[in-house]
Amino acid sequence: MDVLNPNAKSGWRHERGEGSLSDVYRTVGTGRHSSTWRRAAAFAGPGYMVAVGYMDPGNWATSLAGGSKFGYALLTVALLSNLMAIVLQALCARLAIASGRDLAQACRDAFPRYVSVPLWALAEIAIIATDIAEVIGTAIGLNLLMGIPLELGVLITALDVFVILFLQKLGFRWVEAFIIALLGVIAVCFGVQILLADPQWGAVLTGFFPTTEIVTNPEMLYLALGILGATVMPHNLYLHSGIVQTRAYGHTIPEKKEALTFATIDSTVALCFALLINASILILAAAAFNAHGKTDVVELGEAHSLLSPLLGLAIAPTLFGIALLCCGLNSTVTATLAGQIVMEGFLKIRLKPWVRRLITRAIAIVPAAIVTIWYGDQGTAQLLILTQVVLSLQLSFAVFPLVMFTASKAKMGELVAPRWLSGIAYLIAVVIAGLNVKLLFDFVTG
């Protein structure tokens, strides 16, 4: 157990308990006496697992809809969302390394039960919404590539629990390697598709500059919030603050500061990679659909079928299907880990690892499966976009506690976030909350 800083200890209502993801807690060595490069490499991995959540199938739906409807205009939302994500994920690493707690444990230890229990419920809703998007995406990917019915595809996604258990028996590094390998496949698939689509690069660059229409146009704002919800996801904040602690970094302040630096570099580089993928999805939709007058493409299956005639090569839809399947598989693995962190952190449930995973997976996948089977092949795009908006609405309930904790000297000790960083984080939290209020107002007033 970590020796907590005395100042940090007094800031919590309860003592720190079991380590986050206890079955893999501090199992990855950091080579404390090796070279700087080797120590930095030891921390590479968690950021890419977090990056998975920033390019999940729900993101595909919102980016496809945004790109086909508004061309390159929403690229600025993808960029701003990614910048917000970099700040928030850096705070997650800071919270974990300074306090020895993941975000769920911190909420449990800092707030009374009448606050922490509703926060747990909201976190579970966010994970269910996440899982609906990922289950649908994986099932559609299986359907597009292999013709597997959507309902059967949903059930197949539950097998990711056993993938995690198998890989973690080999070591947590194997889980990270699996995730990174699939990310590589996704990058290659999109790289080829972008070359085939031949977008207008001048318009692409212009799309990264903001426009007031995003706020004044309710339909564009709805999609923009969907992109925000698909990019900065609540479960990622819980996930990152847990998996950072798989590293066996030292207990002294200098060692923790070094660990924080390496963890922040890892997440920042990984999220820049995620931005490239997210932008690629939107650029592909704008170049392949909007440029050809197809402004209402929202279904993943429809996008798959249109790519071949529009781009002129049969390989394009296959690459789309492969990338979608890889995204779905990656996302279900990381969402399962996030579900475990949330349940264990808030409720302090102590069970065998495989039992924990099955329970947390069932909580998320059963509602997801019911909704997916109920909708069938019709309406999956609307459901995907809705899940991302739900995530955006839940986001503030994870962001505000995170910013509060990391700005507290009593809780963080010498690793408290600098005032400028806390100021930016509070601004991000207020912007997210404000946009959500605007969305609800537009929804209520019609």
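Right above here is the structure, for reference.
Residues numbered from 1 in each chain as written. Predicted model: local features only at pLDDT ≥ 70, side-chain atom pairs only at ≥ 80, totals over all residues. Heavy atoms only, no water.

Draft legend 1. Structural detail: the nonpolar core. Of all hydrophobic cores here, the largest spans 128 residues; its most connected members are L74, L103, L237, Y238, F289 and F405. Element by element, the count of residues in this core is highest for helix α15 (residues 253-288), at 17 residues. Once you skip the residues sitting within four places of it in the chain, L103 turns out to touch L95, L237, Y238, S241, A398, L402 and F405. (Core = buried A, V, L, I, M, F, W, Y, C linked by side-chain atoms within 4.5 Å. Buried < 20%, exposed > 50% of the residue type's maximum accessible area, 1.4 Å probe, protein only. Helix = DSSP H or I, 4+ residues; strand = E, 2+ residues; numbered from the N terminus. Contact = heavy atoms within 4.5 Å.)

Draft legend 2. Expanded view of helix α5 (residues 75-99). Taking 1.5 Å per residue, 25 residues should reach 36 Å; α5 reaches 36 Å between its end C-alpha atoms and fits that length. Of all 25 residues that make up α5, 22 are buried, and the element is covered over most of its length. In the stretch just after α5, G100 is the one whose phi turns positive, near 75 degrees. (Expected span 1.5 Å × (residues − 1).)

Draft legend 3. Representation of the packing of helix α10 (residues 172-197) against α15 in the model. As a packed pair, α10 and α15 sit with axes 10 Å apart at the nearest point and diverge in direction by 35 degrees. Remark: the crossing between α10 and α15 carries left-handed chirality. Residues L183, I186, A187, F190, Q193, I194 and A197 of α10 form the contact with α15, whose participating residues are F273, I277, S280, I281, I283, L284 and A287. Taken together, the residues of the contact of α10 with α15 break down into 12 nonpolar, two polar and no charged. (Axes fitted to C-alpha atoms, helices over the stretch in contact; angles between N-to-C directions. Left-handed = near helix turned anticlockwise from the far one by under 90°. Nonpolar A, V, L, I, M, F, W, Y, C, P; charged D, E, K, R; others polar.)

Draft legend 4. Representation of the layout of surface pockets within the structure. Taken as a whole, the largest pocket encloses approximately 270 Å³ of empty space. Taken together, 15 residues form the lining of the largest pocket, with V77, L80, I214, A224 and L435 sitting closest to its centre. Contributions of two or more residues to the lining of the largest pocket are made by α5, α12 (213-216), α13 (218-231) and α21 (419-445). It is α5 that provides the largest number of residues to the lining of the largest pocket, a total of five residues. Here the lining of the largest pocket is built from residues that sort into 12 nonpolar, three polar and no charged. (1 Å grid on protein atoms, 1.4 Å probe; cavity = no way out; pocket = protein on both sides within 12 Å on 5 of 7 lines; lining within 4 Å. Points joined across faces, edges and corners; volume = space filled by probe spheres on them.)

Draft legend 5. Structural detail: the packing of α5 against α15. Running from N to C, α5 and α15 cross one another at 155 degrees; their axes reach a closest spacing of 9 Å. When the axis of α5 is compared with that of α15, the two are roughly antiparallel. Crossing hand, α5 versus α15: right-handed. Here the residues of the contact of α5 with α15 sort into 19 nonpolar, five polar and two charged. (Parallel < 35°, antiparallel > 145°, perpendicular 65-115°, else oblique.)

Draft legend 6. Local environment of the state of the cysteines. Evaluation of the coordinates by the stated rule reveals zero disulfides. Cysteine C327 shares no disulfide, and the gap to the nearest cysteine sulfur, in C326, comes to 7.4 Å. A relative accessible area of 2% means that C327 is categorised as buried. (Disulfide = S-S within 2.5 Å.)

Draft legend 7. Representation of unusual backbone geometry. At L21, a residue that is not glycine, the phi angle is positive and equals roughly 45 degrees. By the secondary structure assignment, L21 is in the loop between α1 (6-9) and α2 (36-42). Phi at D198 takes a positive value of approximately 50 degrees, unusual for a residue other than glycine. Tracing the chain through its elements places D198 in the loop between α10 and α11 (201-207).

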